[in-house]
Amino acid sequence: MIQLFLINLIAFADPEIASENLSKGMVLVPAGQYLPLYRSTDQQASWVPAFKLDRYPVTNAEFLEFVKASGNWRKSAVPALFADEHYLSHWANDLEPNPEGIDQLQSPVTHISWFAAKAYCASKGKRLPTVAEWERAAQIGFSQFDGHNEAGFYDKLLAWYGKPTPQVLPAVGLSKSNVLGIYDMHGLVWEWTQDFQSALVTGESRGDSAIERTLFCGGGAVGASDFKNYAAFMRFAYRSSLQANYAVASLGCRCAEGVEDEN
Amino acid sequence: MFRKSMLSLGIMFTWFALAQEPMSTEKAVLTHAPDVPPAITRTQPAKVVVEVETTEVIKRLADGVDYTFWTFGGKVPGPFIRVREGDLVEFHLSNHPNSKMPHNIDLHAVTGPGGGAASSFTTPGHSSQFSFKARNPGLYVYHCATAPVGMHIANGMYGLILVQPEVPMPAVDREYYVMQSEFYTEGAYGEEGLQPFSMKKALTEIPDYVVFNGSVGALAGDNAITANVGETVRLYVGNGGPNLISSFHLIGEIFDSVYTEGGVLANQHQVQTTLVPAGGSAIAEFKLEVPGTFILVDHSIFRAFNKGAIGMLKVSGPEDLTVYSGKQADTVYLAEGGAIQTVPAADKPELPTTMTKSEKLAFGDRLYKANCLACHQSEGQGIPAAFPPLAKSDFITVDDERTIGVVVNGLQGEITVNNHKFNSVMPAMQLTDLEIASVLTFVKNSWGNTGGEITSDQVAKVRAKPAANTQPQEH
């Protein structure tokens, strides 16, 4: 806890990091611990090295530029192997994101497959965040660094799940950012992660066999670290329902970049 | 050698396949509560295709109160599924593209890990298919089992599947589907607007709403279930929970048989209240002897009267007074040493001793509202079968003296008004002669009655007479 707090102070105090935060629309998330919702008994917390994360989810306007630049990712051209028939189904056509009478250019892009999201980030010289990175950024509160300690933090997150998806999503950046200045981690769309299907894999194959892998009913609670974090249950359940070629109505992405291992 | 045995095996298989009746395929009839699909009359197993869609929709939870329900088939509870023991069920679960959440289905009727949950786990905009053999007859709950399961159930994702036993249950006249569940809202009971789910209340298991069939009033008033006297009714009762156990009770009826916990044995008779566990069911049967409105409640009674757990069964048909008489007497009860209670004279304003007809009409109007309206209603229309009408009443026009006598002395026993029989009680009214003259003058000049005027003297004359003519005869 104290360690996190110190890192937080440093992140704000360091002018170099602060200026870095403003460049390229990305925010530096300092290195720190992340406590996975599902973990093996001997693994308590993961160390997540510092990384940069997009301030906003990718918008339809941004995705349009990408589609224009690479012909393969047009609706009419993409192979089913890389994106199912829902791919960009909310767009009027290949190069027109706005159906008649609707302006959704500044709304987050959805209906994109994992392959498409990955390709988009690659085109920007970035990559998708890992589950650990995404979850670490998602734990950052709106008024203090550690959202766990923020009053009403989980209630705020849960409120989103109680509302049906609107026909047209709101523009990005309209809600309050977290203390690092990252917007819309919660309450707008789900987001792709690099290793979305690996929630229950520890890398130790013999250990894996003892883990209750089903996220259903009683099994969903076995091995969870925080039973009150319903929002996290939702995310893990959601991710594990996906395949890489699925394009889904409320699923978008944002990109990340390593700090140490940039090449 | 090898080839030969393969050949004979092949022949055996062919013979086996021919000897077996080919399994027929049918699409399951699904119904929304309180309806139940028709009984299956087949005597052989079939392949039954069940198609269910999951959606997330805003709907009414109570008057003025909305909630975002997660549903099977667009409503809470989900559709009633009916199959037969031995059937091969091919289940298709489709998750609407606009859903925010992945969903699945865990049918307690399925033998296998997760009850089908893993195989039916479905992202928005996708469909899953799995099959199971309906091995175990009984009435089973199904629900969504996507993590966090509690919230998926709390938001409305449950329903019932009946696996009809090979030896069918006895035929009944009517079958209904009733499912209890509770809702945990941020706002207190009745607080208007779209109410979000309250995780805090769900964790502490203190719901603001406990309802039958998904919302307050879903089984009451115009939505009541109905039957006729002489019919036998079977209720398929489920409890979606997520937390509470139901003390299921039908006021004014005794369950002739209960298949406790939704098994196939009518193992208990003469049951007043049966427990229905969360994630469980019960089947209750009863024959109806008398007409009237019978109230279904969770007899954990504050849930019924304060949280919505009320349903109605309206039964029509002839009365049987040997079974139930209705109210036979309502007499004044005087506690020992008591006396007729009267309002102290000092509290009463001074009244004039005589009035003109128009003064009486205005005075009578006020008196009517204070003394008569509760039973005889605002337009004198009365309440059918309970309180006779005063509007266009043939009882009033016939005999003023008798009419005055009813108000002065009260009336009980059977009378006929406008060709309808009434058998109830009217108490003697504690009104002065002028007050009675005024209210009756008002009544005689209202709602299509024939007009006229009653005087204080007429009232005084009736009051002076013995009251025997308006009291029921002693036997």
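Residues numbered from 1 in each chain as written. Chains lettered and ligands numbered in written order. Predicted model: local features only at pLDDT ≥ 70, side-chain atom pairs only at ≥ 80, totals over all residues. Heavy atoms only, no water.

## Description of the confidence of the model for chain A
Residues and elements named next belong to chain A.
Here's step 1: Here chain A averages 80 in pLDDT, while 75% of its residues score no lower than 70.
Here's step 2: In the predicted structure, residues 1-21 sits below a pLDDT of 50 and forms 23 contacts with residues beyond four places in sequence or in another chain.
Here's step 3: Within the model, the stretch residues 201-212 combines pLDDT values under 50 with 12 contacts to residues more than four positions away or in other chains. (pLDDT = per-residue confidence, 0-100. Contact = heavy atoms within 4.5 Å.)

## Re the environment of Tyr189(B)
Here's step 1: Tracing the chain through its elements places Tyr189(B) in the loop between β10 (174-183) and β11 (193-195).
Here's step 2: Between the C-alpha atom of Tyr189(B) and that of Lys461(B), which follows or precedes it by 272 residues, the distance is 56 Å. (Helix = DSSP H or I, 4+ residues; strand = E, 2+ residues; numbered from the N terminus.)

## What about the packing of helix α5 (residues 357-371) of chain B against helix α9 (residues 433-444) of chain B?
Residue and element names in this part refer to chain B.
Here's step 1: α9 packs onto α5 with a crossing angle of 90° between their chain directions and a minimal axis gap of 7 Å. One element, α5, and the other, α9, form an angle in the roughly perpendicular class. Of the residues in α9, those in contact with Lys357, Lys360, Leu361, Phe363, Gly364, Asp365, Leu367 and Tyr368 of α5 are Glu435, Ala437, Ser438, Val439, Thr441, Phe442 and Val443.
Here's step 2: Across the contact of α5 with α9, the residue classes break down as 8 nonpolar, 3 polar and 4 charged. (Axes fitted to C-alpha atoms, helices over the stretch in contact; angles between N-to-C directions. Parallel < 35°, antiparallel > 145°, perpendicular 65-115°, else oblique. Nonpolar A, V, L, I, M, F, W, Y, C, P; charged D, E, K, R; others polar.)

## Points about the nonpolar core
Here's step 1: Of all hydrophobic cores here, the largest spans 100 residues; its most connected members are Phe63(A), Tyr87(A), Ile112(A), Tyr161(A), Trp192(A), Phe91(B) and Leu107(B).
Here's step 2: Those residues in contact with Ile112(A), other than ones at most four positions away along the chain, are Phe63(A), Tyr87(A), Leu88(A), Ala117(A), Trp192(A), Tyr246(A), Ala247(A), Val248(A), Leu251(A), Gly252(A) and Cys253(A). (Core = buried A, V, L, I, M, F, W, Y, C linked by side-chain atoms within 4.5 Å. Buried < 20%, exposed > 50% of the residue type's maximum accessible area, 1.4 Å probe, protein only.)

## Re the packing of aromatic side chains
All names here are of chain A.
Here's step 1: Scanning the model with the defined rule gives 33 aromatic pairs over all chains in all.
Here's step 2: Here Tyr161 and Trp190 contribute two aromatic rings whose centre-to-centre distance is 5.6 Å and whose plane-to-plane angle is 45°, an arrangement assigned as tilted. One end of the pair, Tyr161, is in helix α6 (residues 153-161); the other, Trp190, is in strand β5 (residues 190-191), and 29 residues separate them in sequence. Of the two residues, Tyr161 and Trp190, neither departs from the other in class, the shared state being buried.
Here's step 3: A ring pair is formed by Trp190 and Tyr238, whose centres lie 4.0 Å apart and whose planes are at 5°; its orientation type is stacked. One end of the pair, Trp190, is in strand β5; the other, Tyr238, is in helix α8 (residues 230-240), with 48 residues separating them in the sequence. Of the two residues examined, Trp190 and Tyr238, each falls in the buried class.
Here's step 4: Through a chain of ring-to-ring contacts, the aromatic side chains of Phe63, Phe66, Trp73, Phe82, Tyr87, Trp91, Trp114, Phe115, Tyr120, Trp192 and Phe196 assemble into a single cluster. (Phe/Tyr/Trp six-rings, centres within 6.5 Å; stacked < 30°, edge-to-face > 60°.)

## Focus: the sheet that holds strand β19 (residues 280-287) of chain B
Residue and element names in this part refer to chain B.
Here's step 1: Pairing in this open sheet of 6 strands is mixed, and the strands run β12-β10-β14-β19-β16-β17 from one edge to the other. Of all the strands in the sheet, just β12 (209-212) and β17 (268-271) have a single pairing partner and so form its edges. Shown here is a sheet whose adjacent strand axes are inclined to one another by a mean of 25°, direction ignored.
Here's step 2: As paired elements, strand β14 (residues 232-241) and β19 share 8 bridges and run antiparallel to each other. What sits directly across from Thr232, in β19, is Lys287. (Pairing = 2+ DSSP bridges.)

## Concerning the environment of Pro97(B)
Here's step 1: Considering the arrangement of structural elements, one finds Pro97(B) in the loop between β5 (88-95) and β6 (106-107).
Here's step 2: For Pro97(B), a relative accessible area of 34% gives the class partly exposed.
Here's step 3: C-alpha of Pro97(B) to C-alpha of Pro124(B): the two residues are 27 residues apart in sequence and 4.7 Å apart in space.
Here's step 4: Beyond its immediate sequence surroundings of up to four residues, Pro97(B) is in contact with His86(A), Ala249(A), Pro124(B) and Gly125(B).

## Re the interface of chain A and chain B
Here's step 1: On the chain B side, the residues contacting the 28 residues of chain A number 29 residues.
Here's step 2: Taken together, both faces of the contact between chain A and chain B bury some 2,600 Å²; the carbon and sulfur share is 70%.
Here's step 3: In this assembly, chain A and chain B are joined by 0 salt bridges.
Here's step 4: Of all the elements, α8(A) adds the most residues to the side of chain A that touches chain B, at 6 residues. (Buried area = accessible area lost by both parts, 1.4 Å probe. Salt bridge = Lys/Arg side-chain N within 4 Å of Asp/Glu carboxyl O.)

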